[in-house]
Every structure is written in structure tokens, then in C-alpha cells.
Amino acid sequence: MSEQNQNPEKRKVVFSGIQPSGNITLGNYIGALRNFTRFDDADCLYCVVDLHTLTVRQNPADLRKRTASLAALYIACGLDPEENCIYCQSHVPAHAELAWILNCFTYMGELNRMTQFKDKSAKHADNINAGLFTYPVLMASDILLYQTDLVPVGVDQKQHVEICRDIAQRFNSIYGDVFTIPEPFISKSGAKIMSLQEPARKMSKSDPDETFIAVLDKPEDIRRKLKRAVTDSDGEIRYDPENKPGVSNLLTILSVLKNQSMDDTVAALQGLGYGALKEAVTEAVLAELTPIQTRYNEIIADKDYLSNVLKRNAEKAQYLAGKTLRKVYRKVGLLQL
Ligand code: TYM
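The following refers to the structure shown.

## Structural notes on the pattern of salt bridges
For the structure shown, the criterion picks out 22 salt bridges. A salt bridge links Lys10 to Asp149; the nearest nitrogen and oxygen atoms lie 3.1 Å apart. Pair noted here: Lys10 is in the loop between α1 (3-6) and β1 (12-18) and Asp149 is in the loop between α8 (130-144) and β4 (150-152), with a separation of 139 residues, a long-range link. Classification of Lys10 by relative accessible area gives partly exposed; the value is 26%. A relative accessible area of 7% places Asp149 in the buried class. Arg238 is the partner of Asp234 in a salt bridge, and the nearest nitrogen-oxygen pair spans 3.4 Å. Looking at Asp234, the relative accessible area reads 44%, which means it is partly exposed.

## With respect to empty space enclosed by the protein
With the rule as written, the count across this model stands at one cavity of 30 Å³ or more. Looking at the largest cavity, its volume works out to about 50 Å³. For the largest cavity, the full set of lining residues is Gln116, Phe117, Lys120, Leu132, Tyr135, Pro136 and His160. Listing elements by their share of the lining of the largest cavity, those giving two or more residues are α7 (115-123) and α8.

## Things to note about unusual backbone geometry
Of note, Gln147 is a non-glycine position whose phi angle comes to about 55 degrees, a positive value. Inspection of the secondary structure puts Gln147 in the loop between α8 and β4. Take Gln147: its relative accessible area is 12%, and that puts it in the buried class. Positive phi outside glycine occurs at Asn259, with the angle close to 50 degrees. Here Asn259 is to be found in the loop between α11 (245-257) and α12 (262-268). Note on Asn259: relative accessible area 62%, which makes it exposed.

## Remarks on the packing of aromatic side chains
Per the stated rule, a full pass over the model turns up ten aromatic pairs. Ring plane angle 70 degrees and centroid distance 6.1 Å describe the contact between Phe36 and Tyr74, whose orientation is recorded as edge-to-face. Linking Phe36 in helix α2 (residues 26-36) with Tyr74 in helix α4 (residues 60-76), this pair joins segments that are 38 residues apart in sequence. Comparing Phe36 with Tyr74, the two get one shared label, buried. Ring geometry for Phe105 and Tyr175: centres 5.9 Å apart, planes at 75 degrees, overall edge-to-face. Taken together, the residues span a long stretch of sequence, with Phe105 in the loop between α5 (94-103) and α6 (108-112) and Tyr175 in helix α9 (residues 158-175) at a distance of 70 residues. Taking the relative accessible area as the measure of exposure, Phe105 reaches 14% and is therefore buried. Among the residues examined, Tyr175 registers a relative accessible area of 22% and is labelled partly exposed.

About the thresholds
Residues numbered from 1 in each chain as written. Predicted model: local features only at pLDDT ≥ 70, side-chain atom pairs only at ≥ 80, totals over all residues. Heavy atoms only, no water. Salt bridge = Lys/Arg side-chain N within 4 Å of Asp/Glu carboxyl O. Helix = DSSP H or I, 4+ residues; strand = E, 2+ residues; numbered from the N terminus. Buried < 20%, exposed > 50% of the residue type's maximum accessible area, 1.4 Å probe, protein only. 1 Å grid on protein atoms, 1.4 Å probe; cavity = no way out; pocket = protein on both sides within 12 Å on 5 of 7 lines; lining within 4 Å. Points joined across faces, edges and corners; volume = space filled by probe spheres on them. Phe/Tyr/Trp six-rings, centres within 6.5 Å; stacked < 30°, edge-to-face > 60°.

Next comes the structure, spelled out in C-alpha cells:
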């Protein structure tokens, strides 16, 4: 255990990130963003991980736009940038610097086992670059730079947090207590929201538009997409992800957004049809997203405000990250000036 973990007085550190690689989906919101606001007594850092997106070809102008948009969305979802360090990964060079060092403590065999690498290389067979392969090492750097205790993520990122722990433990076993060993924070319900069209697959921002709800979708688009969501033909409202993935996914969205247990959610719909279920989900999604969209529109209109927030928080993150990076450089034997 590291010295940080042994100190009960230390405030917990929470770190997470989202890639500005497409429209932020209801899956990202329920699995990650919505949980970011739950850590009142911790020091929280929420990063827009723009460097990670470069593992897939990006349009530069779009990437810049989506990066600012995601930072604004963090704030619109209720993260006060005075209390939470909201910043862009590329504004803090220590992320890439630590990634190099940690690359030298990560085995090819470990990276080969990553399911996201396998999925993404199948999807982008013409561009299986080294960055895609070492992606989890950059993610480990993000987390370890801040002596993070908790990493709120969806289920699909669990394996990446596990390899981060392995790398940190390996490094600590050679050089002493340098890194805090982080834990994933994965909520019991909603950690894997499924595609509206293919409910056996995860909802993903890189899939076609009709398969997901974007947090910034217009109400009429949300209504249409939910109306067309794939269900099944037996007509019974029941939670059974194996046999009824579409209906179960809609029930999950409803129960999470209404802060209601699954039993109560199902009971409230007894005797009703899928039309009523879809209507209930639509109302819950609109009730959740409409105030976020209103705040988002205010924030994104004020460019100076957003760039000041990002600048101030980048400086704060640089300071914190610099402390860990200097320690790592010293430990591995790089000459200090
Ligand atoms: P990304 O950008 O793919 O997704 C951001 C967050 O959303 C969660 N998520 C979901 N949760 C529930 N249901 C879904 N369908 C769904 N789709 C996505 C993801 O689990 C994630 O929490 N590698 C990360 C970004 C990252 C990061 C980090 C995260 C980079 N560095 C350090 C935490 C800590 C990623 O690609 O997430």
C-alpha cells in the first residue's frame, strides 16, 4: 500500500476522463458523467482526454470544437469548475511525459490482452497504430499523476483501470511508494447502457446516430430514437437482460434516471405495453437532459469564461502532476538540474 493510502487524513482524490471523440451519449452520461458529481468530500479532477482521440483520425477543426464542448458539458452537468479541476489533457504535458516512462514498465503481452484494443483494431483495420496499442498506458498516466484513489467509469473501462493498478504496483515494488493504487468506481446500475438498435451491444458514440441518444440531442430526436428503439415481440415488461435486452436496457435507463429500484420501476409499468414504457423513458430522459442543455447553451456562448476556466485549471493540474512526475524522474535516475 502506498504512503498516501495509509494516511486516513488525506482527502480522497477522484480522477476521470472522457474522450471528445464524438457526441457524448446517454451511456457516457449514465455510466460516468452523472456519477462525477457524487464526490463531495474529495478532490476531483475531470479531464477532457483529447490526446487519446488521436489514436483514430480526427478532423482538427471538429476536434477543437468537441473539446471545448465537452468541457462546457462537464460544467453544465453540475460540476462547479471552482471545486472540480476541469481541464484538457494536452494542456498538461506531464501526461505524455509520464506515459513514456510507464511504457517502459508495461509488457506487450499485457497490452495485447486489452479487449478495447482488439475491438478498435478490428474497427480501424487500416490504422492500427502504436498509439492505439499503448492507449492504456496514457490512461494509466492520467490516473497515476494525481495520486488518484477512485476512478468513476463505466464497465468497459474496468480492464484499463486494472492494468493501471498492475503498472503502478510494479513500479512501486521497484522504487517504493510512488503511486497511490487506484480503485475503479462502477455504479451497480447503468454501468453499461446498450445500443438502441442492437441492444446486445454497448451504446457507443462512434456508432451510427440512431443507435444512441446524445446528451445534446434535440427533444424531437430523443422522442424519435426512443420510439424506434428495438424491443421484442412477447409484449411483457420484465427485466431480463439475457432474453429481453432491448426492454431491459430501457428499464435500466428509466430506473437510474428516476432514482428508483428496478422492482419499483417494473411494478409501476405492470399491465402496460411497450408504448407506455418508451413514453416513460422519453419523459425521464427529457426531464434530465433539458436543464443540462439550457446550462450548456449559456456556457458555450461565453468563450472567455470557458477559456479562463480551462487555463486556470490547467495550471492547477500542471502543479499537481509536476510533483508526481518529478518524483518519478528522480526515482528512475534521470539527472536533475
Ligand atoms: P470514453 O470516452 O469511451 O467513455 C467515457 C466514459 O463513459 C463510459 N461509457 C459508458 N458507460 C455506460 N454505458 C455505456 N454505453 C458507456 N459508454 C461509455 C466509459 O466507461 C467511460 O467511463 N479510455 C476512456 C477515457 C479515459 C479515462 C482516463 C477514463 C482516458 N483516461 C482516465 C478514466 C480515467 C474512454 O475512452 O472513455
